[in-house]
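Descriptive analysis of the structure
Listed below, chain by chain, are the residues.
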Amino acid sequence: MKVSYMPLLAVLLLVCSGAVKSESLWLNTWDESCYSDGVNNCRDDWYKTEQGSHLIKWEVFQTIERAGSEVLFSSSESLAQYGFASADSSYSNSGNQESDYALEGLPFGFLKDKSRLNNRNYLGLSCSACHTGEFVYGDDRYLVEGGQTNANTPQFLLDMVSALQETLNDPAKLSRFKSRFFWYVVRNRDFQAWPVAASAGKAYLKSAEEYLSGFTGRNNYVVESGPGRLDAIGSILNELHVHQAGKDDEAAVDLTAPVSYPFLWGVSELECVQTNCVSNNPIERNIGEVLGVFGSVNIDEDENVPDIIELAFRAITPLFDYTPKVDNLNVIETALSKLNSPKWPNSFPPLDPQLVNNGRALYADNCSACHIDTSDGVDDSELTQANSIGRRYTKVTRVLPEDVGTDEAFSADYGLREETTGILGSVLANAAPDSVDPNTGIPFGEQVPENFNALALLGISTQVVTNAHYETLGFKAKARSAYPDLPVDDAIEALIIDYSAGQVDRPELSVTSYRARPLDGVAFTGPYLHNGSVRTLRDLLKAPSDRPNGFYVGAREYDVDGAGFVDGGDFYVDATLRGNRKEGHYYGTALSQIDKEALLEYLKSL
């Protein structure tokens, strides 16, 4: 009998040994300064810091069921289908196990976020929810920190709306919800938050449904995003200039230009920090991001009160009340500045050294005019001129769609969008009376036009938040603590410079351009082009007419040969539609096949 069981034992040993070899791996490394007693404090800050995002009340999120099911919407089973990076298994880096960076059962970046305005707890999404990628190769899973989520965020929101509405309209579902909500509140009371009435579940449910159905209704996708993309700028402009300005939802503009989530490593060293270079200040960029993920700043002015009066008495009115947590955003940005780009892992098929070496020269000839190669460091010619405090940054190239030939929807629809200037015009006139209208190039003095570029106004709204925060007693106390040897005013100014990463000068607006940045880690940032219309780097080196007219996204398997995700999943990207078009970016497309192989190998090595 012992002999007869030997084959079965051998099979079991093979299966078990295969399971042991299966790993979940961090693909990025962090600066050594992040570590203290073996703990990565930067990673802690990146995943666990709230930013002022308030989707729905936390207690409602924890107790609603999915539509058509009794499964809780917040369960791992429910959330797994949307593609957010999962925290279900431990990740390791060089064999060192790391601690848990997500709330139990939730994806990375899903946090309990306490509002600074009403002290209630909400489900909030942090930067890491949308900027943590995950893929599979063989039996192993890899996490790309600061990359792009493969999540279908719009579908997540629409399904949450359905869950809320069905709970309100189905008596049996509503009864289960009210009971579950009551006991959840009783057993999980947060004594540091404003009390939640355990018996008022239906009222909280209705409030959540009204807000979220309003959000999804205002932000109607003409070109669907699907996994890995989001029309973030379009929804930010709608939320700021329509909802938060107190306008009717009919004033919202349809969303036409989904964009791949930009990768974030190295961004604080760049001369501009957004896809279209409308901002150079990382804190203000982050505030704008919070406004797009359920944060707010109140710019609903009283038309019966002169702007000068409203501005003078804003401290005792709701005007400019804001949810973004500026100190926390600085914590996140400081951590992010210490994140290194992902590298081709040893567990992948090795790169060909000769091809990589040949590809380096081809990159210099075909790519580096726009995308600076930082693999050998950044030399003097690759840095900007010193700004007013002597800081220099890595150059980026601003390219117009008509020059690079890529899809123009994002540039045209949002770069040229105008909105009613409103109270933000008075703020702009006070801050920069000699500014230039970015639409006309004409100085407007103190007479700001009635309608103004929507992106420029977004920039003013983020400055309103930062300026308001810098005036608080809490910030002044923080400045004195950070710089105890300086006079108070100098300490405040020094901390403001720290928060802005030294970006103290107003940027040159380029509202219709795209940013071409260094490509370190580019092999793990597909699909490619700003709109994610090209599946792999291999496809990007083909003539536009030879690139696929479409492909499926949502699968997590990595395409080692082409560098990108495999063609799989349940969402089809039609690359012939405006907003999704694959055209343009001809660089390297005329090379011989052997040269393309070399350039591709070099791109994988970055």
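Please read these numbers as outputs of a predicted model, since none were measured by experiment. Within each chain, residue numbers correspond to sequence positions counted from 1 in written order. Since the coordinates come from a predicted model, pLDDT governs what is reported: local features require at least 70, and pairs of side-chain atoms require 80 or more to be given and counted, while whole-chain, interface and lining totals use all residues. Hydrogen atoms and water are omitted, and side-chain values are computed over all heavy atoms in the structure.

**Thoughts on the overall build of the protein chain**
- Labels follow the DSSP assignment, with helices taken as runs of H or I lasting at least four residues and strands as runs of E lasting at least two, numbered in each case from the N terminus. Across its full length, the protein chain holds 21 helices and 19 strands.
- Counting only C-alpha atoms, the protein chain reaches 90 × 65 × 55 Å along its principal axes.
- A simple rule labels every residue: compare its accessible area, found with a 1.4 Å probe on the protein chains alone, to the largest value its type can have, and call it buried under 20%, exposed over 50%, or partly exposed in between. Buried positions account for 54% of the 606 residues belonging to the protein chain.
- In the protein chain, the share of contacts with a sequence separation of at least 24, taken over all contacts with a separation of at least 6, comes to 74%.
- Surface accessibility in these figures is a Shrake-Rupley result with a 1.4 Å probe; residues are shielded only by whichever protein chains are displayed. Carbon together with sulfur atoms contributes 52% to the accessible area of the protein chain, which is approximately 26700 Å² in total. Throughout, a residue-residue contact means that at least one pair of heavy atoms, one from each residue, lies within 4.5 Å.

**Here we look at the side chain of S260**
- Note on placement: S260 falls in strand β11 (residues 259–260).
- Polar contacts, as counted here, are pairs of nitrogen or oxygen atoms within 3.5 Å of one another; within protein the pair requires one atom able to donate a hydrogen and one able to accept it, and residues that are adjacent in sequence qualify only if both atoms are side-chain atoms. Within the local environment of S260, its side chain forms a polar contact with the backbone nitrogen of G532, the two atoms lying 3.4 Å apart.
- Aside from chain neighbours lying at most four places away, what touches S260 is G228, R229, P527, L529, H530, N531 and G532.

**Digging into helix α8 (residues 201–218)**
- For a helix, the expected span equals 1.5 Å multiplied by the number of residues minus one. Counted at 1.5 Å a residue, the expected span for α8 with its 18 residues is 26 Å, and the 26 Å between its end C-alpha atoms agrees.
- Every buried residue of α8 is accounted for by G201, Y204, L205, A208, E209, L212, G214, F215, T216 and R218.
- Against the buried residues of α8 lie α3 (58–61), α6 (153–169), α7 (171–187), α9 (232–243) and α10 (282–292).

**Concerning the state of the cysteines**
- Criterion for a disulfide: a pair of cysteine sulfur atoms at a distance within 2.5 Å. Scanning the entire structure with this criterion turns up two disulfides.
- Sulfur-sulfur distance for the disulfide between C34 and C42 comes to 2.1 Å. Disulfide C34-C42: torsion about the S-S bond near -90°, hence left-handed. By the burial criterion, C34 is buried, and C42 matches it.
- Each disulfide pairs two cysteine sulfurs, and for C272 the partner residue is C277, the sulfurs being separated by 1.9 Å. The exposure classification of C272 matches that of C277, with both residues buried.

**Side note on unusual backbone geometry**
- Note that the residue after G526, namely P527, is joined by a cis bond; omega there is -5°.
- Along the chain, P527 falls in the loop between β15 (514–516) and α20 (537–540).
- One non-glycine residue, N119, adopts positive backbone phi at about 60°.
- Phi is positive for F294, close to 75°, though the residue is something other than glycine.
- Considering the arrangement of structural elements, one finds F294 in the loop between α10 and α11 (307–312).
- The class of F294 is buried, set by a relative accessible area of 7%.

**Regarding the packing of α10 against helix α17 (residues 454–470)**
- Packing of α10 against α17 leaves a shortest axis separation of 9 Å and a crossing angle of 110°. Looking at the two axes, α10 sits roughly perpendicular to α17. Here α10 contributes I283, E284, I287, G288 and L291 to the contact with α17, which in turn contributes L458, S461, T462, Q463, V465, T466 and Y470.
- Class assignment of the residues belonging to the contact of α10 with α17 gives a composition of six nonpolar, five polar and one charged. Working convention: axes come from line fits to C-alpha atoms, limited for helices to the stretch in contact. Angles between N-to-C directions cover 0 to 180 degrees. Angles below 35 degrees are treated as roughly parallel, those above 145 as roughly antiparallel, those between 65 and 115 as roughly perpendicular, and all remaining angles as oblique. Side-chain classes are defined by residue name, with Ala, Val, Leu, Ile, Met, Phe, Trp, Tyr, Cys and Pro counting as nonpolar, Asp, Glu, Lys and Arg as charged, and the others, Gly among them, as polar.

**Points about the packing of helix α13 (residues 353–366) against helix α21 (residues 593–605)**
- Between α13 and α21, the least distance of the axes is 7 Å, while the angle of their chain directions is 95°. In terms of orientation, α13 lies roughly perpendicular with respect to α21. When α13 is examined against α21, the residues L355, V356, N358, G359, R360, L362 and Y363 are found in contact with a partner set consisting of I594, D595, A598, L599, E601, Y602, L603 and S605.
- Considered class by class, the residues forming the contact of α13 with α21 number nine nonpolar, three polar and three charged.

**Description of the nonpolar core**
- Nonpolar cores are built from buried Ala, Val, Leu, Ile, Met, Phe, Trp, Tyr and Cys residues. Side-chain atoms within 4.5 Å join them into one set. In this structure, F135, F524 and Y558 are the most contacted members of the largest nonpolar core, which totals 58 residues.
- Elements represented by at least two residues in this core include exactly β1 (24–26), α2 (41–48), β9 (140–145), α12 (326–336), α13, α20 and α21.
- Dropping the residues within four chain positions of it, F524 is found in contact with L27, F135, V144, Q148, P342, K343, W344, P345, F348 and Y558.
- Membership of the second largest hydrophobic core comes to 51 residues, among which are L237, F320, Y322 and L458.

**Concerning empty space enclosed by the protein**
- Note on definitions: the grid is 1 Å and covers protein atoms alone; a cavity is a set of points where a 1.4 Å probe fits but cannot get out; a pocket is an open set with protein on both sides within 12 Å along at least five of seven lines; lining residues have an atom within 4 Å of a point. Grid points are joined across faces, edges and corners, and a volume is the space filled by probe spheres set on the points. This model, assessed by the stated rule, comprises five cavities of 30 Å³ or more.
- Of the pockets and cavities examined, the largest cavity occupies roughly 710 Å³.
- Lining of the largest cavity is provided by 31 residues; of these, H371, R515, L519, L529 and H530 occupy positions nearest its centre.
- For the lining of the largest cavity, the elements supplying multiple residues, two or more each, are β11, β15, α20 and α21.
- The element that contributes the greatest number of residues to the lining of the largest cavity is β15, accounting for three residues.
- The class makeup of the residues in the lining of the largest cavity is 21 nonpolar, eight polar and two charged.

**Quick look at the environment of F177**
- Positionally, F177 belongs in helix α7.
- Remark: the alpha-carbon pair of F177 and T167, spanning ten residues in sequence, is separated by 7.4 Å.

**Overview of the confidence of the model for the protein chain**
- Per residue, pLDDT measures the predictor's confidence, with a range of 0 to 100. Taken over all residues, the pLDDT of the protein chain has a mean of 90, while the share at 70 or more is 92%.
- Low pLDDT, under 50, characterises residues 1–20; the predicted model gives this stretch zero contacts beyond four residues in sequence or across chains.
- Taken as a whole, residues 92–99 scores under 50 in pLDDT and shows 18 contacts with residues more than four places along the chain or in a different chain.

**Regarding the environment of E493**
- Looking at where E493 falls in the secondary structure, it is placed in helix α19 (residues 488–499).
- Exposure remark for E493: the relative accessible area of 43% places this residue in the partly exposed category.
- Taking C-alpha positions, E493 is 34 Å from L416, a pair spaced 77 residues apart along the chain.

**A few points about the pairing of β9**
- Of all the six residues making up β9, five are buried; the element is thus mostly covered by neighbouring parts of the structure.
- Two strands form a pair only when DSSP identifies at least two bridges running between them. Examined bridge by bridge, strand β8 (residues 132–137) and β9 share six bridges and lie antiparallel to one another. Bridging across to β9, E134 finds its partner in L143.
- Once β8 ends, the chain turns through two residues before running back antiparallel as β9, passing G138 with a positive phi of about 65°.

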